[in-house]
Amino acid sequence: MGIAMRPIRIPVVIVFLLAAASSLLAQQQYTPVEAEIGRQLFTNNCVSCHGPEGDAVQGVDLGHGHFRVASSDSDLVRIMRNGIPATGMPANNLSQEQAKAIVAYLRSIAASAASNAIPAGDVSRGKAIFEGKGECLSCHRVAGVGSRLGPDLSGIGRLRRSVELQSALLEPPAEVRPNNRFIRAVTQNGTTITGRLLNQDTFTVQLLDSKEQLVSLSKSNLREFSFVTNSPMPSYQDKLASQDVADLVSYLASLKAQVNP
Amino acid sequence: MIRRTLVLILIAAGSLQAQVSFDRIVRADQESQNWLTYSGTFFSQRHSQLTQITPTNVKDLEPQWIFQARTGEASNTKFEATALVVDGVLYTVQPPNDIVALDAATGRQFWIYSYTPSPLARPCCGRVNRGLAMLGDTLFMATIDAHLIAVDAKGGRPIWNIAVAKPEAGYALTLAPLVIKDKVIIGTAGGEYGIRGFLAAFEAKTGKEVWRFYTIPKPGEPANNTWDKDSWEHVGAPVWLTGSYDPDLNLTYWGIGNPGSDYNGDERGGDNLYSSSVVALDADTGKLKWYFQFTPHDEFDYDSVQIPVLADLDWQGSPRKVMLWANRNGFFYVLDRTTGKFLLGKPFVDVSWASGLDQNGRPIRVHGKVPSREGTLIYPGNQGGTNWYSPSYSPRTGLFYIPSWANYSTLYVKQDVDYVEGLRFGGGTGNGPKAGAVVAGGFNYRKEEEGFGAVRAIDPRTGDMKWQFKMSDVTDAGILTTASDLLFTGGREAYFFALDARNGNLLWKFTVGAPVVSGPMTYSINGKQYVAVAAGSSLFAFALRQ
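Keep in mind the model is a prediction, meaning the values are calculated, not measured.

(A) Quick peek at helix H6 (residues 123-131) of chain A. Residues and elements named next belong to chain A. Restricting attention to buried positions, one finds in H6 the residues Gly126, Ile129 and Phe130. Here the buried residues of H6 occupy an arc of 100° about the axis, which is enough to place them on one side. Contacts from the buried residues of H6 go to strand E1 (141-142) and helix H9 (242-253).

(B) Representation of the state of the cysteines in the model. Scanning the entire structure with this criterion turns up one disulfide over all chains. One disulfide in the model links Cys124 of chain B with Cys125 of chain B; its S-S distance is 2.0 Å. The sign of the S-S torsion, about -100°, decides the handedness of the disulfide formed by Cys124 of chain B and Cys125 of chain B: left-handed. Taking relative accessible area as the criterion, Cys124 of chain B reaches 25% and is therefore assigned partly exposed. Cys46 of chain A forms no disulfide, and the closest cysteine sulfur to it belongs to Cys49 of chain A, at a distance of 8.8 Å. Judged by its relative accessible area of 0%, Cys46 of chain A falls in the buried class. Here Cys136 of chain A stays free of any disulfide, with the sulfur of Cys139 of chain A as its closest cysteine sulfur at 8.8 Å. The exposure class assigned to Cys136 of chain A is buried, which follows from its relative accessible area of 6%.

(C) The sheet that holds strand E7 (residues 133-135) of chain B, seen in detail. All names here are of chain B. Pairing is antiparallel across the open sheet formed by four strands, whose spatial order is E7-E8-E9-E10. Looking at strand neighbours, the two that pair on one side only are E7 and strand E10 (158-163), the edges of this open sheet. On average, each strand axis in the sheet is tilted by 20° relative to the strand beside it, whichever way the strands run. Sheet analysis places strand E9 (residues 147-152) next to E10, joined by five bridges and oriented antiparallel. Paired with Val151 across the strands is Pro158, a residue of E10.

What counts as what
- The residue numbers shown here count from 1 along each chain, following its written sequence.
- The naming scheme follows written order: chains are lettered A onward, ligands numbered 1 onward.
- Predicted model: local features are reported for residues with pLDDT of at least 70 only, side-chain atom pairs are reported and counted for 80 or more only, and whole-chain, interface and lining totals are derived from all residues.
- Excluding hydrogens and water, the side-chain figures rest on all heavy atoms present in the structure.
- Burial here depends on accessible area, computed with a 1.4 Å probe over protein chains only, as a share of the maximum for the residue type. Under 20% is buried, over 50% is exposed, and the range in between is partly exposed.
- Numbering of helices and strands starts at the N terminus; helices are DSSP runs of H or I of at least 4 residues and strands are runs of E of at least 2.
- Arc, as used here, means the arc of the directions from the helix axis to the C-beta atoms.
- Here a residue-residue contact requires only that any non-hydrogen atoms of the pair lie within 4.5 Å.
- For the purposes of this analysis, a disulfide is any pair of cysteine sulfur atoms at a distance within 2.5 Å.
- When DSSP locates at least two bridges between a pair of strands, those strands are taken to pair.
- Axes here refer to lines fitted to C-alpha atoms; in helices the fit is confined to the stretch in contact. Angles between the N-to-C directions go from 0 to 180 degrees.

Remember, this is a structural readout, not a statement about activity or role.
Listed below in structure tokens is the structure:
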């Protein structure tokens, strides 16, 4: 997705007024669940060009109501579905409802950014924290360095907004995403195996074990098989100073390797 | 018996293939070496009398040949067709609309008829086709650009080709036609686009339309008052799965899809007949004999597009012609197929949108369990407790076997949508937001509480589950049973497997390398029984090791 044409110069004050009006409108029109649906669609369809903050295309800031062509929500829906000829903005295979959900998400960006103001951080200091006292490499991997057990963060800055990264550090969700789930298996002879679930079916399970070995097990040979319910991701709320967190967020936001989400 | 012996001699002697008369299809259960119609017989039990493969020897089943479809299309095209086998020749459809004739013993191709659908075709859910019908020496294929085509079964050349509806408006034909007497009956998909669904019958010889039954009555017709105001015009109620037929009653039965917009019923108040119903039509005229609506005013996408399975049961001490129906809405039903009278209904999976059924089979709705702008979690989810996947009924075990989605729910979110011809008309989503897919790219991270697939065996006399075979992923595979008490099916996990139909014990499995999104069938050539199933882009034929 991309919403861009020629720049339109509008006085800053007017832009702010429009943005404020849009936010008010958003509260009336859209629900949080719509915005969440839109967030996922935006991640899958739009971030590769527009970036996670929606501001990667010059002159366009989707999260703050700065568009080159669109002036209404219906314009946005139309442009997302039909594209803009002779520009980098393609037509997208989105239904009306999906496009509306993305608009709901775009309208929510400004609000969430305002309520989660992030202090400026230093990328190099953040890198040092990531590799040092943060002990992030014990689970995560960046550019081929670190553990494979947790999510590879080499391209996380292409996918997540800074506020989302900050939230993940301070208030990690109680449950990890399904593709990051850990399992615990006990074989018939009593050996316990833990690791990240890679795949499973009725008869077998595949995982990356704690020694980073690819293991395939037959469920009929297991005495126990269960999901590890607690997220291994710690909260850094009381472990790092707020400036450290800001630095870490800046570092993570700078990681933009081209990897699959 | 004499007739059966004669047929076997003819086949053994060479390649003599008799024409497929209507009488042969009526008596398809008496020539189990063939598979003459989509569900095996007009009763659609998907149950074969072949017994060479047994619970004891099924462990020796192995592939005999594999046919790889050459679709030249995107990899997401699914191979959903159930093949026909007629006197040693197997006919199937490789996606989207190429008819292929194979030697059923070796998989060698006799001919292929390639049809390129119009670029205007826009089937909602894959460029798929579920199979063929045959009468005489003619095959009939319905296409995703809403054409019906007759093709010579010997030469692979088209005989006639008619445009049934406008593909640019969302009409698409994905089902296997049903031949009754001298007619070919089809229905149309396109519910996601707000079409006006219909069934239609065509002369097999000429393609001339004989009758048409609209699944949504227009003003002045009975039941139009079940639609608020003018809401009846663009509300789907499609038909995209083959019906059944009772020759004694001369009634043909078809499941009708949900009304549109799918998740937002604000503009279409009322029960919305004949959406999410089964209709019984006079096969000669298309006149409605009776209907039964499973989900009045459906806002859950609970299409009643399932196979109507017909059986003659001893019902509470008396013989009765019944219809067995595991509905996408989560309830299992038994209806009297002569009158449409509701006889029994019971959930076969978790159901939260209704607390039960009243004495007439109408669901007792649970307050608040409707799609909402905030999202409402409802069981079963929008793919249903089951879906179009063929169930099976075994007269031997007396059990009805359902490919089921258990523990399965979705968050229904309602949104506003305007009808525009040719565009999707969903009115929200039945998937809701998730923290991430539990199954993605073919990898399964699913916990049991997030849903699982199962073969569930139901006693139709009570609606009680007798056994189940659980899978860690859900299933889109149909079920075949045989008179040797075997049950064949598959699932998304890329296994094709055999269960003991009496108790659900796993007897054999084979990795086919891709999800099974089709119904298995069986046939026999020169006394050798084969079981065939499509998976991924391939058709597999299995037989006992020799």
